[in-house]
Structure formats: C-alpha cells, structure tokens
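For reference, the chains in residue letters:
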Amino acid sequence: MIFVTGSTGLVGSHLICQLAKNGKKIKALVRNSEKIRIVQKVFSYYSDQPDELLKNVEWIEGDILNPASYFDALSGVNTVYHCAAMVSFDKKDKEQLLMTNIEGTANVVNVSLENKVKKLCSVSSVAALGGSKNGEIITEDNVWNSSANHSFYAISKFKSEMEVWRGIQEGLDAVIVNPSVILGPGFWNSGSGLIFTRAAKGMSFYTCGSTGFVDVRDVVDLMQRLTESEVVNQRFIITGESVVYKDLFNMISDALGRKRPNIEASRTMLQAARIVDGWLSGLRIKNREITQEVIHSSLSKTDYSNQKIKQLFPVEFIPVKKTILEMAALYKRELTSNE
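Residues numbered from 1 in each chain as written. Predicted model: local features only at pLDDT ≥ 70, side-chain atom pairs only at ≥ 80, totals over all residues. Heavy atoms only, no water.

With that settled, the discussion passes to the sheet that holds strand 9 (residues 210-215). Ordered by their spatial adjacency, three strands build an open sheet running 7-9-11, and the pairing between neighbours is mixed. Looking at strand neighbours, the two that pair on one side only are strand 7 (181-183) and strand 11 (241-244), the edges of this open sheet. Direction aside, neighbouring strands of the sheet carry axes that sit 45° apart on average. Summarising the sheet, strand 9 and strand 11 pair through four bridges and their orientation is antiparallel. Bridge pairing in strand 11 links Gly212 to Ser242. Packed onto the sheet, helix 7 (residues 216-228) meets strand 7 and strand 9 and runs at close to 65° relative to strand 9. (Pairing = 2+ DSSP bridges. Helix = DSSP H or I, 4+ residues; strand = E, 2+ residues; numbered from the N terminus. Axes fitted to C-alpha atoms, helices over the stretch in contact; angles between N-to-C directions. Contact = heavy atoms within 4.5 Å.)

For the rest of this paragraph, the subject is the pattern of salt bridges. Throughout the structure, instances matching the rule amount to 12 salt bridges. Ionic pairing is found between Asp215 and Arg217, a salt bridge with its closest N-O pair at 2.8 Å. Asp215 gets classed as buried once you look at its relative accessible area, which sits at 3%. The shortest N-O distance in the salt bridge between Arg217 and Glu326 comes to 2.6 Å. Here the residue Arg217 occupies a position in helix 7, and Glu326 occupies one in helix 12 (residues 320-337), the gap between them amounting to 109 residues. (Salt bridge = Lys/Arg side-chain N within 4 Å of Asp/Glu carboxyl O. Buried < 20%, exposed > 50% of the residue type's maximum accessible area, 1.4 Å probe, protein only.)

Glancing now at the environment of Ser7. Structurally, Ser7 can be placed in the loop between strand 1 (2-5) and helix 1 (10-21). Judged by relative accessible area, Ser7 falls into the buried class, the value being 1%. Taking the C-alpha atoms as reference points, Ser7 and Tyr81, separated by 74 residues in sequence, lie 9.4 Å from one another. Setting aside residues no more than four positions away along its own chain, Ser7 makes contact with Gly12, Ser13, Ile16, Ala28, Leu29, Val30, Val39 and Trp59.

In structure tokens, the structure reads:
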C-alpha cells in the first residue's frame, strides 16, 4: 500500500495517476475533498477511463500539520511519497510557509517511523541546494551557505530536507528529489501553469535569466523508479534542460498563437513593478507576486546537473518544447470547453 501527501497538487496528482495506471493501490491525503475534481481532470488527460483509475485511490481527509488525522491511515503502508508543500515568496506567508514545509515534513517523517514504513520519497526543490557563487553548474553536492541571502521558501525546503535526514538517522530509508521548475498541465493559476494563462492574454515583457525546467511526468516517473529501487538515503536533482526565460515565453506564446513579448524587463523596471505590486497587495487588490527573490531569479542564469540520476537510470527527458506544445493544446481545449 502507498500513501501520498499533497495529492491534489501538480506533482501529487500526476504521481497518483501514474501509480493508479500501474495498478497500485493508493491512500491519498487531501485537506479539502472538493479538490479531488482537480485530480479527476488530471486523470482525464492520460486515460479514457479516469473514473476507473480513481477506484484505486482511497481518499484520506487530513492535514500534514495534524498527524493524528492520518496516523492510522499509515498502518500497513510500505511506501510514502511526501509531495505536500507550500510555495510562496511573499513575506506575509513566512510563518505559514515555514510551519507547513518544515513542521509538516517532520510530522510525516515521525508518522512514517512510528508505522515502520519501509521507504519515504520526499519532494524537495533545487531551491534547497542554494546558489552558485561563480556561475558553476549546481550538483547534489552543493553546500548550503547559511550566510547567503536565501528566500524563505528556499530556507523552508532546506530545513524540511534536514527533517528527512534526521529521520534517516533514526532508521528510516528515504530518497529526496530536487526538481527544477516543473512544467505540467491542469494548474493554470499557479506555478509554471500561470505563465500559460498570462501568455494567453498577451505578454509584453521578458527577462534574460535562465534556469532548469522538467516535465512533471519525468519527475513522477523517476520518483517511482527511485522508490522501488534499492537506492536509499540519497538526494537527486531532477531537471531536463536549462532554458532562457525569453525563449520559454516565446515558445509558450507561439504555442498559444499569441504575440511574443518584445520588451526586455531591466532590473530598474522590475524594481518599480515590485513597488507597485507591493502597494496593490497592501490594499488587498491582488496577491503579492513580485518580490526581491522573484527579481533575482528572473535575472539570474542558473544551471543544474542531472548527471547523477542519468548515471543511475537510463532516462531521456521530455524536451521542454514538446511539453509546452502539449500543455498549450490542453489549455486551449479547456478554454474552449469553458466558453
């Protein structure tokens, strides 16, 4: 039996879809049962009979911050996939972010230990690896610099990893995956999916930073392969290729049949936008989107190595362009069906 946290998120929903297609029986933790319809939508992308696949899933209502709500559900569970996490770069979310990602992970680790789970797969992020001082390619051996100016999100993911390593010291077999920016359909108002929503309305600005991107299907496939292997107590970067943001925006705009962005956003322009964004957020007109961390990421060129995972498994990552074309087709299909 398999237990999955974060089951209604991008990674979690795709993971349980793959597991269900492989005939696995799953217990999926969900805070709000209304969000199950998101999972049904994801299943419909990859199966003509999504409702049949969903019969492999037993929904457990609970919250990772309340271990009593799912403790009994882990009885008889051999494998736990911990996908639940909060993503935010807004300072007002600091306390909730740290509590969800650190305390939530500690709870999952503790419950797994107490129920004698055989293996835990925890989804972290490349943010937990820290940055590179001289632009070198970042690997799993990158050393976290505690004196650097990290975002609260990065700190939360680093410290959540520490909880997994603590569990390992206490006898839990585990693997940690560190995905780069994950691309996948269905979540058009958050994460990378939000770029499609904005591109559909027309984007004017681009930045010339770059980072790693990976298809969600590659992420969940490698998560399952790692978890079912004899590999334990290691971390693995999961990334397909490095792409310049300008090129990414152009590919998405082309796939949606929209005009490409044609104005480069300088640091000065982004700082001005940050001030306006903060003002509108303070008036509760919109949620905060442009922070110093977002600006730094938009202008930085960061590259991650996937050699460790490629040396372990034969893997051909799905090209970013192919992922974008497939996502755009699904986005347009949903847009048409909602009209």
